Amino acid sequence: MPEAPSVTIRPLPDLDETRTPQLLPVELRARTAELRDKATRISDQAQEPHTQVQLADLERRATILAQQELSDLLSAACDEYGMSWNTLAQLVAVTPTAVRKWRKGQAITPEKRRRLALAIAFCRALSEVNPRITDPALWLEMPLHRATTLTGAALFAEGYTDLLLDVAAERLEAAAALDTYDADWRVRYAADDSHVVVTADDGLPAVVPRTRA
Amino acid sequence: MTELPLTAPRGVDELYLARHDEVSLARPLMPGDVLAGVCGAHGMIVAHPCAMRGGGGRLRPRVAVAPVIAYQRVPLLAWPNGHYNVFPLPDLLPEPCAAQLLELDSATREELHAAERVATLSDYGVYVLQQRFVFCITRVVVGLDRLEEVSGHVLAEAELEEEWVDELTDGDDPSAMSEERAAFQTFLDGELRASLQQPVRRSEVRRTVRAEIARRLSA
């Protein structure tokens, strides 16, 4: 019988070297918590400068736009975005009659011109921060949350542009933005959850109690 | 379920679209319009925007109107808490007044066309009127959002018709305005009108109508 080849077999390492270091659950929890806290701190630190930069960019664009003819600004709102005059009036914080007078050639105050320019700059920014927003006028006219009647246009009129951009970019939940606007929004601006709209037999919409829908 | 109070209007300016000499003749007659010379003195149209017109957008022979009566001044914040049978009309006539929602009358379309409009309500104002009217006769509160879902497309159409007539006429020739109203209705017939019923397509319809106005202006 041939002699078996001589093989050098390395000895097994000590047990300590093969075992994966095991973290105790309590230590693991502490480490992940630390990581989350760190991420939150970084996010908090970034929020303020990001908001400032975002608003400064909006102001810069509004300043440039405000140099345009009034007719061009109105055309941007109505032809480019298909905005209703009522919504535009709400964004600029004037009556619809004031907008009608501008359309007819009446002068606009510098303050309102700037506000009009800001509204258009905001619409442009909306599609940039979230390319899925293809219809800024619609986005502004729709309720921000299913539990309220408050729209983006309403918050814009009150000057909450930074919150709206964060909601549009999906960095902030709409409910959180609404909490900042008015802690009582679920009651004060509640949507009607008792009724729904259905199509009646004559083909026109009708309001019915939710239970019958 | 959330308790839903009647609405306290946010402000008088948000309630009205226009008053007195600011009222545009180009705007079609709509619910909430207050007219001088109907119901004895002043009357407010309260018919539903769909129910007050028949085929081709023509007004029905008679339209429901609420008489405007002298009434105490009602602070906006007090609207949800009483005065359920009226729709107060703040800062409209020299004396405080309101539309009486329980004693309805009707006016012929000829009367309405000939009457002087002293106020038109904003879309928001129309929904507040509808909410109070429904509550007055049923004691049911319907949210403004649901009323907007039901009537929003008609009010959007009214705004576009006003813009069309405003841009394509001088605004003082009834015959020319009537022709342009008919032209607008013809242009809107079919797919565009159906699209207006979908909120997601309204801005697209507005762009289309405005492009047509521009085309007609340059023709």
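Residues numbered from 1 in each chain as written. Chains lettered and ligands numbered in written order. Predicted model: local features only at pLDDT ≥ 70, side-chain atom pairs only at ≥ 80, totals over all residues.

**Student:** So what's going on with the overall build of chain B? Residues and values would help.
**Tutor:** Helix and strand content of chain B: seven helices and eight strands. For 219 residues, the compact-globule estimate of 2.2 N^0.38 gives 17 Å, and the C-alpha radius of gyration of chain B, at 18 Å, lies within 12% of that figure. With the C-alpha coordinates aligned to their principal axes, the bounding extent of chain B is approximately 55 × 45 × 30 Å. Residue pairs at least 24 apart in sequence account for 67% of intrachain contacts in chain B once pairs closer than 6 positions are excluded. (Helix = DSSP H or I, 4+ residues; strand = E, 2+ residues; numbered from the N terminus. Rg over C-alpha atoms; globule rule 2.2 N^0.38 Å. Contact = placed C-beta atoms within 7 Å.)

**Student:** Could you give an account of the environment of A:Gln54, naming the residues involved and the relevant values?
**Tutor:** When you line up the elements, A:Gln54 lands in helix 2 (residues 25-65). Residues A:Gln54 and A:Asp184, 130 residues apart in the sequence, show an inter-C-alpha distance of 27 Å.

**Student:** Outline the environment of B:Asn81, supporting the account with residue identities and numerical values.
**Tutor:** All names here are of chain B. Turning to its location among the elements, Asn81 is positioned in the loop between strand 4 (62-70) and strand 5 (86-88). Looking at Asn81, the number of C-beta atoms within 10 Å reads 12, which means it is exposed. On a C-alpha basis, the gap between Asn81 and Ala214 in space is 48 Å, while along the polypeptide they are 133 residues apart. (Buried ≥ 20, exposed ≤ 12 C-beta atoms within 10 Å, placed from the backbone.)

**Student:** Can you tell me about helix 5 (residues 96-103) of chain A, naming the residues and giving the values?
**Tutor:** A:Pro96, A:Thr97, A:Val99, A:Arg100 and A:Trp102 are the residues of helix 5 of chain A that are buried. For helix 5 of chain A, the elements touching its buried residues are helix 3 (70-80) and helix 4 (85-92) of chain A together with strand 1 (16-19) of chain B. A:Gly105 occupies a position one or two residues after helix 5 of chain A and carries a positive phi of about 100°.

**Student:** Hey, could you go over the interface of chain B and chain A for me, with residue numbers and the actual values?
**Tutor:** Each side of the interface is counted separately: chain B has 27 residues, and chain A has 28 residues. Counting only elements with at least two residues in the side of chain B that touches chain A, the list comes to strand 1, helix 4 (144-168) and helix 7 (202-218) of chain B. Here the side of chain B that touches chain A gets seven residues from one element, more than from any other, and that element is helix 4 of chain B.

**Student:** Can you tell me about the confidence of the model for chain B, naming the residues and giving the values?
**Tutor:** Any segment with low pLDDT has predicted coordinates that should not be analysed in fine detail. When pLDDT is averaged across chain B, the result is 90; 98% of the residues are at 70 or more. The ipTM value of the predicted complex is 0.85, and its pTM value is 0.85. (pLDDT = per-residue confidence, 0-100.)

**Student:** Kindly report on the domain arrangement of chain B, identifying the contributing residues and their values.
**Tutor:** Residues and elements named next belong to chain B. With domains assigned, chain B is organised as domain 1 (12-143) and domain 2 (146-218). Here the C-alpha centroids of domain 1 and domain 2 sit 22 Å apart. With 17 residues of domain 1 at the contact, the number on the domain 2 side is 15 residues. The class makeup of the residues in the side of domain 1 that touches domain 2 is nine nonpolar, six polar and two charged. (Domains from an automatic or database assignment. Nonpolar A, V, L, I, M, F, W, Y, C, P; charged D, E, K, R; others polar.)

**Student:** An account of helix 3 (residues 123-138) of chain B is needed here, citing residue identities and associated values.
**Tutor:** Between its terminal C-alpha atoms helix 3 of chain B stretches 22 Å, which fits the 22 Å expected from 16 residues at 1.5 Å a residue. All of the buried residues along helix 3 of chain B are B:Asp123, B:Tyr124, B:Gly125, B:Val126, B:Tyr127, B:Val128, B:Leu129, B:Gln130, B:Gln131, B:Arg132 and B:Phe133. Turning to helix 3 of chain B, the residues buried within the fold contact helix 4 of chain A together with helix 1 (12-15), strand 1, strand 5, strand 8 (116-121) and helix 4 of chain B. At the C-terminal side of helix 3 of chain B, B:Arg139 shows a positive phi close to 65°. (Expected span 1.5 Å × (residues − 1).)

**Student:** Tell me about the packing of helix 4 of chain A against helix 5 of chain A, and name the residues and values.
**Tutor:** The angle between the axes and the distance between the axes are what describe a pair of packed helices. Residues and elements named next belong to chain A. Interhelical geometry of helix 4 versus helix 5 gives an angle of 105° and a closest axis separation of 8 Å. As judged from the angle between their axes, helix 4 and helix 5 are roughly perpendicular. Of the residues in helix 5, those in contact with Trp85, Asn86, Leu88 and Ala89 of helix 4 are Pro96, Ala98, Val99 and Arg100. (Axes fitted to C-alpha atoms, helices over the stretch in contact; angles between N-to-C directions. Parallel < 35°, antiparallel > 145°, perpendicular 65-115°, else oblique.)

**Student:** Outline unusual backbone geometry, supporting the account with residue identities and numerical values.
**Tutor:** The phi torsion at A:Ala93 lies on the positive side, around 60°, for a residue other than glycine. With respect to the helices and strands, the residue A:Ala93 is situated in the loop between helix 4 and helix 5. Look at A:Ala93 and you get partly exposed, because 16 C-beta atoms sit within 10 Å. We note that B:Asp91 has phi near 50°; this positive angle belongs to a residue other than glycine. Relative to the helices and strands, B:Asp91 is located in the loop between strand 5 and strand 6 (97-100).

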